[in-house]
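Structural characterization, general
Chain residues, written in single-letter form:
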Amino acid sequence: MIKDRILWLLWLVCMAGAAVITGTWLFAAVLLLTVLILIFSAGSVVLSGKKAVIKLHLPKASERMECFHGKMYLENQSAWPVFGGAGVLRWENLFTGEKGVIPISFSLGGKEKQVIGFEAGSNWCGCIRFCFSDWKCQDFFRVFSLKRKADTCAYTVVMPERQKGELSLFTREGFDMESFRYSGSRPGDDPGETYDIREYRSGDSIRQIHWKLSGKLDDIMIREKSFPVDDTVLILAEAFQAERDPQRAETVAEVFSAVLQSFMEQKISCQAGIYDHSSGKFRLEKIRTEEDRENILYRFLRYGSDAKTPVTVREYLKDPGIQNFANYVYITGDPQDKEAELLAAKGEVTIVECGTDGRDSGGEQVLWKYGSQNPKDSQKQHMENNCPVSCWKLH
Amino acid sequence: MSVLTEQERMAPILGSVLLMAVFCTATERMGKYGLYGRMGMGAVSIAGIFLFHGQLLDGMALYWNDMADILGSRAGIYLERFETAGIQGEDVSRLIFLIYLGIAAAVCGFLILKLKFYLLVLAWALVLPALSGILGMEPDAGTGVIFYMGILLELNLILSRSGRKRHRAESSRAFLTGSILACAVMLAAGILLEQFMPSEDYGSSTLVTEAKKEALDGISSLRYKKGKINTLPDGKLKECGAWSASDDAALSVTMEKPDSLYLRGFVGSVYDGSSWESLDTEDAYKQRTLFYWLHQDGFYGETQLSRARALADDDTLSDKVSEVDIKNEKADSRYLYTPYEITELPVGYRKETPFADSMLKAKGLFGARNYHYQANGNLVKDFTVLGARVYQALARDEGDSYRDDESYYNAFVYSQDTKLSGALETLFRKELGDGGNREQGHTDYYTAISRIRSYLEKNLTYSTAADPYTGQGDFAEDFLTNTRIGHSVHYATAAALMFRYYGIPSRYVEGYLITPEDIKDKNPGDTIEVPGKNGHAWTEIYMDGLGWVPVEMTPEYYNVMEEADLTAGLEAKGAKAAAIPEAQDEPPAQENIQTHWSLKLALFGIEKLLILLLAVFDLFCLIFIFTVCVLRIHANRRRRKLFESEDDRQAVRAMAGYARLLYYHGPELYSEDAMKCYRKTSVIGEKAAFSPHAVSKEERKDTALCVQKMKKELKKARSWYGNWIMKYIERLY
């Protein structure tokens with residue numbers, strides 16, 4: 001548009017110069033007519049683009065490192081044409097913070113429809129939001145413009161790579177459990193299974209006394225009942241990061257995916273919990289099939305991305321429901337995240353923290369090679385694409 | 001093209017342009033078949049070139065010659081011409097050339113469009129004004145408007161399609177609609193414009209003429225001048241006011257043998273009553289062949305005096321040829337300042353020019369500031385003796401080539417530089433008496449010089465404080481009969497015309513004087529600083545057999561330069577003129593002239609003051625309107641921002657205030673329902689403004705709905721004009 005304006009200015013200057021220097025009517029007339037037509041053109045912008053409807057269409061999900069195709073549908077519902085339109089399609093990966101723009105320009109005849117295709121891709125997984133909030137409606141000569149609102153957005157989710165982790169967490173032994181129906185970490189009131197045998201302490205109920213054993217040991221022994229659980233593990237994933245780092249975000253998504261995959265393959269009954277920002281509710285899903293896994297992962301990336309504070313644990317604790325869990329796995333990418341401590345009262349908590357080596361915690365550490373299965377990446381990239389992941393139990 | 005060729009020959013070129021443009025456009029959309037088509041057309045065209053190459057070359061030569069004639073006669077641009085006398089079938093050759101020219105033009109246009117060379121399109125738009133300026137021809141207005149309409153649309157098409165191709169969708173329908181609308185507006189406005197401002201009136205308008213003159217003066221000043229060194233008017237006599245000059249160096253002249261010289265700059269041959277001009281380009285072009293052959297013989301008007309010196313066998317005359325280097329410090333750089341004694345023209349200035357050997361106009365965009373040439377010593381101070389010696393030499397049959405060349409040049413000079421208007425002839429007859437029959441020969445030089453000098457000394461007063469002449473009449477006539485006060489420009493003009501009255505070819509010259517005072521104590525090779533105050537206007541006359549010589553006719557300058565002995569050798573031949581009649585009228589008193597000019601200036605001042613006041617008032621009005629509009633737009637934007645504010649209380653307060661504004665625009669215009677809403681909104685607004693209680697989302701929504709409702713009803717109730725005022729003047733929405 002700047003180029004057009006400069007050229008028009010040059011045109012006017014040239015014609016004015018020609019009119020003055022030659023003293024010829026023709027050039028004076030052309031100058032006046034040009035000015036007049038520009039005024040008319042400026043006036044016509046007011047009528048243009050008032051009834052332009054713009055919509056965006058994107059695929060629901062797409063693959064990392066691959067281009068996806070979007071479409072912008074434009075419709076001029078007015079008989080007056082849109083001589084020129086220009087705007088910027090802004091995109092942002094809500095999960096990793098990546099941003100970019102795609103300049104768009106178009107023109108529409110009266111009652112005409114147009115489709116503009118565009119391509120985009122992301123190096124990271126996450127929810128990518130495309131927004132076309134406003135555009136400039138231009139006149140026929142692209143000298144004048146008026147701002148018009150479009151306010152249209154579309155989303156697509158880039159799914160993470162499938163990976164198998166090397167953490168003990170991913171193995172059945174990692175939980176060191178005898179039963180997957182009762183909690184190993186807290187007593188309950190189910191008489192069907194004994195949780196623990198211990199000496200009597202003041203305040204214990206007489207009903208809990210194990211008379212037979214007390215007789216044998218010549219001391220009052222107490223039998224604690226077990227706490228029945230609905231599912232063994234609840235996996236909570238938190239998308240919030242105080243300081244956004246695409247590598248950590250990517251690793252969180254991959255670790256979350258890998259944990260779900262691993263548990264599913266080992267038949268460890270588990271559920272996954274995420275906070276859905278679109279509905280403002282905590283969402284709990286049983287993970288039994290591959291579809292369940294993809295659904296929760298999609299929801300996590302699509303609706304859990306734009307968090308301003310870590311909310312998953314708090315929202316879960318607000319309304320934990322009637323279901324009980326033996327273990328909690330909390331996956332986070334924020335080094336300052338202490339939310340998992342709130343879960344300690346509910347059961348055994350395993351924290352998986354991405355982006356820190358967690359040496360102080362005494363847990364195990366691995367170097368997670370995110371996106372390393374991408375065949376397009378070079379060997380060097382494979383070496384460089386890693387993020388420390390630490391895993392430890394909260395005592 | 002319409003200048004080059006007849007109307008009936010336009011059909012082949014326009015037809016071939018159209019057909020080729022359609023062909024290119026059609027084949028472009030046909031993919032590979034289009035490519036084959038274009039290749040086929042290319043092959044046919046090349047075959048045609050081979051087949052008709054003779055006719056094509058003939059046609060090209062014919063049109064080249066036509067173009068050379070037009071440029072030469074109208075613009076003074078001399079091009080080499082081709083020999084076309086032996087061409088057979090001229091019409092066929094022209095036709096074939098025009099067809100191929102049309103094809104080439106269409107292909108070029110198509111390529112420009114395809115390759116998006118928008119700057120070339122802009123440059124193409126400037127061809128017409130450039131040609132119009134150079135040739136001095138006014139193009140046909142209708143055709144011109146259509147041409148520029150096409151250029152505008154092409155430029156717009158290129159611009160709208162230029163830039164990146166991805167992520168864009170351009171609609172041909174939108175462009176077509178826009179083009180039709182633009183054409184319709186331009187044509188309608190063009191027709192209206194022709195009614196209000198007819199093209200005939202435009203050209204003759206004083207404003208346009210003045211603007212053109214100012215612009216051209218501005219451009220030439222930018223190109224050739226470095227500030228004002230003196231008030232020499234370049235022949236524009238009516239711009240000549242009081243004489244003022246600076247002491248700064250105008251020229252720095254380095255001479256091998258320093259000598260006093262007249263350095264000629266501007267030379268005026270044609271007098272039109274308000275200015276001196278050089279020879280008309282058309283007349284000069286007609287004489288081109290004459291000058292070509294003269295130059296072939298080494299005869300140049302500018303070097304004639306030195307050539308004549310070579311014929312004269314007289315040791316008393318200067319024979320010292322020396323190198324002269326000129327550095328133009330602040331003088332007008334469009335002229336090469338050369339003395340009458342120049343022996344050879346500088347390199348690059350030896351071809352025929354439209355100035356017909358009268359002066360040397362510098363080449364280059366900004367003229368010439370450094371140049372050098374060879375010149376003889378001062379011959380002007382002995383021109384009477386030199387004339388006599390040359391006459392004797394020619395009588396002895398010496399210098400055959402010179403004699404012939406001079407006779408041709410002499411005839412040209414007499415035909416060109418003795419022209420005088422009837423009115424001036426009548427005036428001079430009255431003032432100077434009978435000047436003799438000019439057809440039969442001129443008055444002898446001595447008599448003419450003496451009488452003119454005598455008249456000028458007796459009847460006119462020299463003053464550097466002359467007022468400019470702004471009247472419609474003749475400059476010389478006004479000077480001789482009305483003001484009678486002037487300086488060298490006035491005297492030189494009057495004298496040049498008076499010489500013509502006596503049948504002696506004469507011209508008006510502006511230049512610089514290297515005076516004997518300037519060269520005093522100067523050694524060979526010393527640089528002489530010629531100050532701006534040495535700028536001078538003088539008259540030069542053509543002496544038969546000898547050439548152009550300067551004659552000082554301004555009394556104040558009689559003793560500035562060494563003067564030839566006018567009693568020697570000047571009385572040969574010539575008709576006797578009658579004695580000058582006694583002056584009838586006394587010149588008007590100085591006071592009267594001053595009073596007259598004071599009154600004129602006062603009136604001009606009042607007029608200027610009124611225009612200035614009106615301009616200031618207009619400017620104030622414009623600024624006021626602009627400021628009000630900007631403030632209202634700003635207020636409207638601020639209000640909209642407040643409406644969208646995150647703070648509910650603030651948003652509701654703003655909306656309630658706005659609702660009140662809408663209400664005051666016509667309480668009677670709203671329905672009962674809207675009034676109910678407004679009352680509720682007022683209460684909410686007051687709550688938001690004064691109560692500590694929070695404003696709920698619901699209340700905010702209600703307020704917004706009320707505002708919307710009121711706005712809708714107000715818009716509906718008001719006429720389109722009322723709505724326009726509210727929207728664009730009051731900026732209510």
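Remember, predicted model here, so these are calculated numbers, not experimental data.

Moving on to the confidence of the model for chain B. Per-residue pLDDT for chain B averages 85, and the proportion of residues at 70 or more is 93%. Confidence metrics for the complex model read pTM 0.64 and ipTM 0.70.

In a beta sheet, neighbouring strands are held together by backbone hydrogen bonds and run either parallel or antiparallel to one another. Reading across from one edge, β2(A)-β8(A)-β7(A)-β4(A)-β5(A)-β1(B) is the order of the six strands in this open sheet, with mixed pairing throughout. The two strands at the open ends of the sheet, each matched to only one other strand, are β2 (61-63) of chain A together with β1 (168-169) of chain B. The pairing of strand β4 (residues 82-93) of chain A with strand β5 (residues 99-108) of chain A spans nine bridges and is classified as antiparallel. Of the residues in β5(A), the one forming a bridge with V82(A) is L108(A).

Contact with chain A, which involves 52 residues of that partner, is made by 57 residues of chain B. Summing both sides of the interface, chain A and chain B together bury roughly 4600 Å²; the carbon and sulfur share of this comes to 74%. Linking chain A to chain B there are one salt bridge. Linking E170(B) and R142(A) is a salt bridge whose minimum nitrogen-to-oxygen distance equals 3.1 Å. Run the count over chain A and chain B and you get 11 residue pairs in polar contact (both at pLDDT 80 or more). Counting residues per element, the ones that place at least two in the side of chain A that touches chain B are α1 (2-22), α2 (25-47), β4, β5 and β6 (113-120) of chain A. Counting residues per element, the side of chain A that touches chain B draws most heavily on α1(A), at 13 residues. Along the lines of polarity and charge, the residues of the side of chain A that touches chain B split into 36 nonpolar, nine polar and seven charged.

On to the state of the cysteines, then. All names here are of chain A. Enumeration over the complete set of coordinates arrives at one disulfide over all chains. There is a disulfide in this structure between C131 and C153, and the S-S distance comes to 2.1 Å. For the disulfide bridge between C131 and C153, the dihedral angle about the S-S bond is near 95°, and by the sign convention the bridge is right-handed. Residue C131 is located in strand β7 (residues 126-138), and its partner C153 is located in strand β8 (residues 145-159); the two are separated by 22 residues in the primary sequence. Residue classification places C131 among the buried positions, given a relative accessible area of 18%.

Between side chains of opposite charge, pairing is possible as soon as their charged atoms come close. All names here are of chain B. All told, the structure shown has 40 salt bridges over all chains when counted by the stated rule. One salt bridge in this structure joins K330 and D248, with 3.3 Å as the shortest N-O distance. Taken together, the positions of K330 in the loop between β6 (322-328) and β7 (338-339) and D248 in the loop between α10 (206-224) and β2 (249-255) put the pair 82 residues apart, joining distant regions of the chain. Relative accessible area serves as the criterion here: at 32%, K330 is assigned to the partly exposed category.

Another point: the sheet that holds strand β14 (residues 535-543) of chain B. Residues and elements named next belong to chain B. Spatially, the five strands line up as an open sheet ordered β7-β3-β12-β14-β15, and their pairing is antiparallel. Two strands bound the open sheet, and with one partner strand each, they are β7 and β15 (547-551). Of the strands in this sheet, β12 (506-514), β14 and β15 touch helix α19 (residues 488-501), which is tilted by about 10° from β14.

This paragraph deals with a positive patch on the surface. Together, R5(A), R90(A), K136(A), K147(A), K149(A), R637(B), R640(B) and K641(B) make up a region of like positive charge exposed at the surface. Elements represented by at least two residues in the positive patch include exactly β8 of chain A together with α21 (590-643) of chain B. Top element by residues in the positive patch is α21(B). It accounts for three residues. Within the fold, R5(A) resides in helix α1.

Residues and elements named next belong to chain B. Of all nine residues making up β14, nine are buried, and the element is well covered by its neighbours. Covered by surrounding structure in β14 are G535, A537, T539, I541 and M543 together with H536, W538, E540 and Y542, the residues of both alternating faces. Sheet topology places β12 next to β14; seven bridges connect them, and they run antiparallel. Within the sheet, the bridge partner assigned to E510 lies in β14 and is A537. Strand direction decides the pairing type here: β14 and β15, joined by five bridges, are antiparallel. Opposite Y542, over in β15, you have W548 as the bridge partner. Counting the residues between successive antiparallel strands, the hairpin from β14 to β15 contains three residues, one of them, G545, with a positive phi of roughly 85°.

The subject of this paragraph is helix α14 (residues 383-395) of chain B. Residue and element names in this part refer to chain B. For α14, which comprises 13 residues, the first-to-last C-alpha distance of 18 Å matches the rise-based estimate of 18 Å (1.5 Å per residue) to within 8%. Of the residues making up α14, those classed as buried are F383, T384, L386, G387, V390, A393 and L394. The secondary structure elements touched by the buried residues of α14 are α13 (304-311), α15 (400-416), β14 and β15. Just downstream of α14, D397 is the residue with a positive phi angle, here 65°.

Rules used throughout
Residues numbered from 1 in each chain as written. Chains lettered and ligands numbered in written order. Predicted model: local features only at pLDDT ≥ 70, side-chain atom pairs only at ≥ 80, totals over all residues. Heavy atoms only, no water. pLDDT = per-residue confidence, 0-100. Pairing = 2+ DSSP bridges. Helix = DSSP H or I, 4+ residues; strand = E, 2+ residues; numbered from the N terminus. Contact = heavy atoms within 4.5 Å. Buried area = accessible area lost by both parts, 1.4 Å probe. Salt bridge = Lys/Arg side-chain N within 4 Å of Asp/Glu carboxyl O. Polar contact = N/O pair within 3.5 Å; in protein donor to acceptor, adjacent residues only side chain to side chain. Nonpolar A, V, L, I, M, F, W, Y, C, P; charged D, E, K, R; others polar. Disulfide = S-S within 2.5 Å. Buried < 20%, exposed > 50% of the residue type's maximum accessible area, 1.4 Å probe, protein only. Axes fitted to C-alpha atoms, helices over the stretch in contact; angles between N-to-C directions. Patch = residues over 30% accessible without salt bridge, like charges linked within 9 Å, V, L, I, M, F, W, Y side chains within 5 Å. Areas by Shrake-Rupley, 256 points an atom, 1.4 Å probe, with all protein chains shown as cover. Lys, Arg positive; Asp, Glu negative; His and termini not counted. Charge placed at Lys NZ, Arg CZ, Asp CG, Glu CD. Expected span 1.5 Å × (residues − 1).

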